[in-house]
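Single-letter residue listing:
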Amino acid sequence: MAKAMNIGVRLKELRELRGISLRKLAKKAGVSASFISQVEQSKCQPSLNTLRKISEALDVATSYLLEPEGNETSSPEEAIEIRLPNRLKYLSILADFIKNVCQKNEVPVKDVEDILLAVDEASTNIIKYAYEAGSLNYFRVRISCDPELVQVDLLDQGREFNPLEIPPSPTKGMIEEGGEKDLSLGIHIMKKVMDDIHYRYSPNEGNRLTLVKKISQVKGSGL
Amino acid sequence: MKIEIIDTQKGGIHLVKIEGRLDANFSLQLEDEIDKLLEQKTKNIILDLSGVTYLSSSGLRVLLSINKETQGAGGLVLVNPREVVKKIIEVAEVDDLLTQADTVEKAMSILESSKGS
């Protein structure tokens, strides 16, 4: 889902990342500050030569400014991550974090509710079962949003466990207490409210559960 | 999460008001509180959920277990659950198992009319 970035946007991002003012960059690159400003606003295109000078001043490869991101990442956009101890009391903090990110990205309320439900169920399972009872361990939750979807990855280094392999049992049977039967109701709910779920295990990364929610297009003309 | 138990005047019906998040962190607390009420012979419980901002499968499991316990000895009615709570009840497909009512008064009449049946 990565948008094709134009040079101006990438230049501005990079300049801000490096913390260099327009004037300083201009001086280093041997151009005027107003020129750089214009490039950033996509009002003019620098020559390749000028681009090279600007890149050097920013200490990046010229190609980095020219090409849109093509690297393989498992998240569509930048991701924000939280790292939590495996304690149930942090579930509400996790919920606030996810809600905050979604709201900043103007994700519709109904979708946010679904995401919160699924993330809560998934993280409850990790907290309760991934590690040895009572031990202090950590797990990570990463969230990334783009206009079309929200992706949440839950990463833990506990025992290898694929929640998707729990056989779905008829709801009435999920009422039983104890052990893995405890899980099936939560997993059933997760599957119902999210659009896509993947699981992957690798020896160095551990468990990775990916939850994807397609953003409902509420606005839109002519519908 | 806050739990407040209000004993009603009418024939052993317990009104329990719950506020806040009912997630895995709090479901055990709820279960322990309600277990005390369930020790009595008649088990009529009204749970006012109007202040519950969130319910997860853990909380739902406690509600279902309370519901099961009251069968034959009384009943459980959930009062005024918010949309987010109704949603999980529907998604989990247990809406036919759990009795819901808009107000405490309606819940009381549901329990009173089913007494002795």
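Our structure's up above, just so we're on the same page.
Presented here is a report on the structure given in the accompanying data block.

It is worth spelling out the packing of helix α1 (residues 7-18) of chain A against helix α3 (residues 33-40) of chain A at this point. Packed helix pairs are characterised by how far apart their axes lie and by the angle those axes make with each other. Residue and element names in this part refer to chain A. Where α1 meets α3, the closest approach of the two axes is 7 Å, and the angle between their N-to-C directions is 120 degrees. Here α1 is positioned oblique relative to α3, judged by the angle of their axes. Contacts between α1 and α3 involve G8, V9, L11, K12 and R15 on the former and, on the latter, I36, V39 and E40. Along the lines of polarity and charge, the residues of the contact of α1 with α3 split into four nonpolar, one polar and three charged.

For the rest of this paragraph, the subject is empty space enclosed by the protein. Residue and element names in this part refer to chain A. Counted under the stated rule, the structure contains four cavities of 30 Å³ or more. Taken as a whole, the largest cavity holds about 180 Å³ of empty space. Lining the largest cavity are 14 residues, with I126, D156, F161, P163 and N207 positioned closest to its centre. Where the lining of the largest cavity is concerned, the elements lending two or more residues are α7 (109-130), β3 (149-156) and β5 (206-214). At five residues, the largest contribution of residues to the lining of the largest cavity is made by α7. Classifying every residue of the lining of the largest cavity gives nine nonpolar, two polar and three charged.

All names here are of chain B. Pairing in this open sheet of five strands is mixed, and the strands run β1-β2-β3-β4-β5 from one edge to the other. Looking at the sheet topology across the chains shown, the edges are occupied by β1 (2-7) and β5 (99-101). Put simply, the sheet's adjacent strands are angled 25 degrees from each other on average, direction ignored. Pairing between β1 and strand β2 (residues 13-22): six bridges, direction antiparallel. Residue pairing in the sheet places I5 in a bridge with V16 of β2. Helix α3 (residues 83-91) rests against β3 (43-55), β4 (74-79) and β5 of the sheet, and its axis sits at about 110 degrees to β3.

What follows deals with the packing of aromatic side chains. A full pass over the atoms with the stated rule returns zero aromatic pairs over all chains. Between A:R83 and the ring centre of A:Y138, over which it is positioned, the NZ or CZ distance is 4.0 Å.

Moving on, we get to the environment of A:R142. Residues and elements named next belong to chain A. One can find R142 in strand β2 (residues 138-145). We classify R142 as partly exposed; its relative accessible area is 22%. In sequence terms R142 and L155 are 13 residues apart; their C-alpha atoms lie 8.2 Å from each other. Within the structure, R142 has its side chain in polar contact with the side chain of E81 (distance 2.8 Å).

With that settled, the discussion passes to helix α2 (residues 22-29) of chain A. Residue and element names in this part refer to chain A. Restricting attention to buried positions, one finds in α2 the residues L25, A26 and A29. Burial along α2 is one-sided: seen end-on, the buried residues are contained in an arc of 100 degrees. For α2, the exposed residues lying more than 90 degrees away from the buried face are R23, K24, K27 and K28. Buried residues belonging to α2 abut α1, α3 and α4 (48-58).

Reading the values: rules and limits
- Residues numbered from 1 in each chain as written.
- Chains lettered and ligands numbered in written order.
- Predicted model: local features only at pLDDT ≥ 70, side-chain atom pairs only at ≥ 80, totals over all residues.
- Heavy atoms only, no water.
- Axes fitted to C-alpha atoms, helices over the stretch in contact; angles between N-to-C directions.
- Helix = DSSP H or I, 4+ residues; strand = E, 2+ residues; numbered from the N terminus.
- Parallel < 35°, antiparallel > 145°, perpendicular 65-115°, else oblique.
- Contact = heavy atoms within 4.5 Å.
- Nonpolar A, V, L, I, M, F, W, Y, C, P; charged D, E, K, R; others polar.
- 1 Å grid on protein atoms, 1.4 Å probe; cavity = no way out; pocket = protein on both sides within 12 Å on 5 of 7 lines; lining within 4 Å.
- Points joined across faces, edges and corners; volume = space filled by probe spheres on them.
- Pairing = 2+ DSSP bridges.
- Phe/Tyr/Trp six-rings, centres within 6.5 Å; stacked < 30°, edge-to-face > 60°.
- Lys NZ or Arg CZ within 6 Å of the ring centre and 35° of its normal.
- Buried < 20%, exposed > 50% of the residue type's maximum accessible area, 1.4 Å probe, protein only.
- Polar contact = N/O pair within 3.5 Å; in protein donor to acceptor, adjacent residues only side chain to side chain.
- Arc of directions from axis to C-beta.

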